[in-house]
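# Residue-level structural notes
If you want the building blocks of each chain, they are given just below.
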Amino acid sequence: MLAGLRWISVMVRPTWLLAALAGLLSSSAAVAQGFVFETKQQNPANYRPPGLKILTQRAVPYGEEVVGIYAIRDAEDIPDGKRIKIWRERANDVKVANETIRCDTTAPMRITGRGDQMLMLELNPGGAVGPHNEESHLIWWAACVPEQTGNDPNTLQAIAQELGFSGLLIERQHVLPGRPR
């Protein structure tokens, strides 16, 4: 009986090797016929949502970084509020965040998240803008005054004053536990 099992295992090995070899040959034949197997990651720029307004776009050593805003709608539970989506694109990654913006002249604000924290950023439209708050101001202007999307916030003081902003509000950042809604 053992001799019979040994004979079957000897016969199975060449069959298995033959099947593996046939699989390799068929894939190389497919490549020879013009079939290309995609191994590279897809370009995130091909998947940008409709209506995306690009706020910043810059070349970095590993590709390009893009920050944009889309899906702007009124926040029914916040006076002068907007709900938005922020698109953060890198060469091999895309992240989308839901945020809330307050556009009123008394308390302009951006509510966003960072991990397990909620950030409430009190803004001063028409005030000084630097690297530390430029993105928040770009997002605020794109959501609240869409015709100014992408413009340098440092050049919008006169427009901010026409809209009723003093340019003298104090900017603050409040960090709270929990994710924004």
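A few points on the structure. (Residues numbered from 1 in each chain as written. Predicted model: local features only at pLDDT ≥ 70, side-chain atom pairs only at ≥ 80, totals over all residues. Heavy atoms only, no water.)

Helix and strand counts for the protein stand at 3 helices and 7 strands. Along the protein, helices (α) and strands (β) appear in the sequence α-β-β-β-β-β-β-α-α-β when read from the amino end. Of all 181 residues assigned to the protein, the portion counted as buried reaches 31%. Counting only contacts in the protein whose residues sit at least 6 apart along the sequence, the fraction spanning at least 24 positions is 46%. (Helix = DSSP H or I, 4+ residues; strand = E, 2+ residues; numbered from the N terminus. Buried < 20%, exposed > 50% of the residue type's maximum accessible area, 1.4 Å probe, protein only. Contact = heavy atoms within 4.5 Å.)

Moving on, we come to the packing of aromatic side chains. Under the counting rule described, the total for this entry stands at 3 aromatic pairs. Ring centres of Tyr70 and Trp87 lie 6.4 Å apart, and the angle between their planes is 75°; on these two criteria the pair is classed as edge-to-face. Placement of the pair is Tyr70 in strand 2 (residues 63-75) and Trp87 in strand 3 (residues 81-90), with a sequence separation of 17 residues. Judged on exposure class, the residue Tyr70 and its partner Trp87 are both buried. Geometrically, the ring pair formed by Trp140 and Trp141 is edge-to-face, given 5.1 Å between the ring centres and 85° between the ring planes. Each member of the pair Trp140 and Trp141 is classed as buried. The structure contains a cluster of three or more aromatic residues connected by ring pairs, namely Trp140, Trp141 and Phe165. (Phe/Tyr/Trp six-rings, centres within 6.5 Å; stacked < 30°, edge-to-face > 60°.)

What follows is about the state of the cysteines. Taken as a whole, this structure holds 1 disulfide when the rule is applied. In this model Cys103 forms its disulfide with Cys144; the gap between the sulfur atoms is 1.9 Å. Measuring the twist about the S-S bond at about -80°, one finds the Cys103-Cys144 disulfide to be left-handed. Of this pair, Cys103 sits in the loop between strand 4 (93-102) and strand 5 (109-114) while Cys144 sits in helix 2 (residues 134-144), placing them 41 residues apart in sequence. For Cys103, a relative accessible area of 17% corresponds to the buried category. (Disulfide = S-S within 2.5 Å.)

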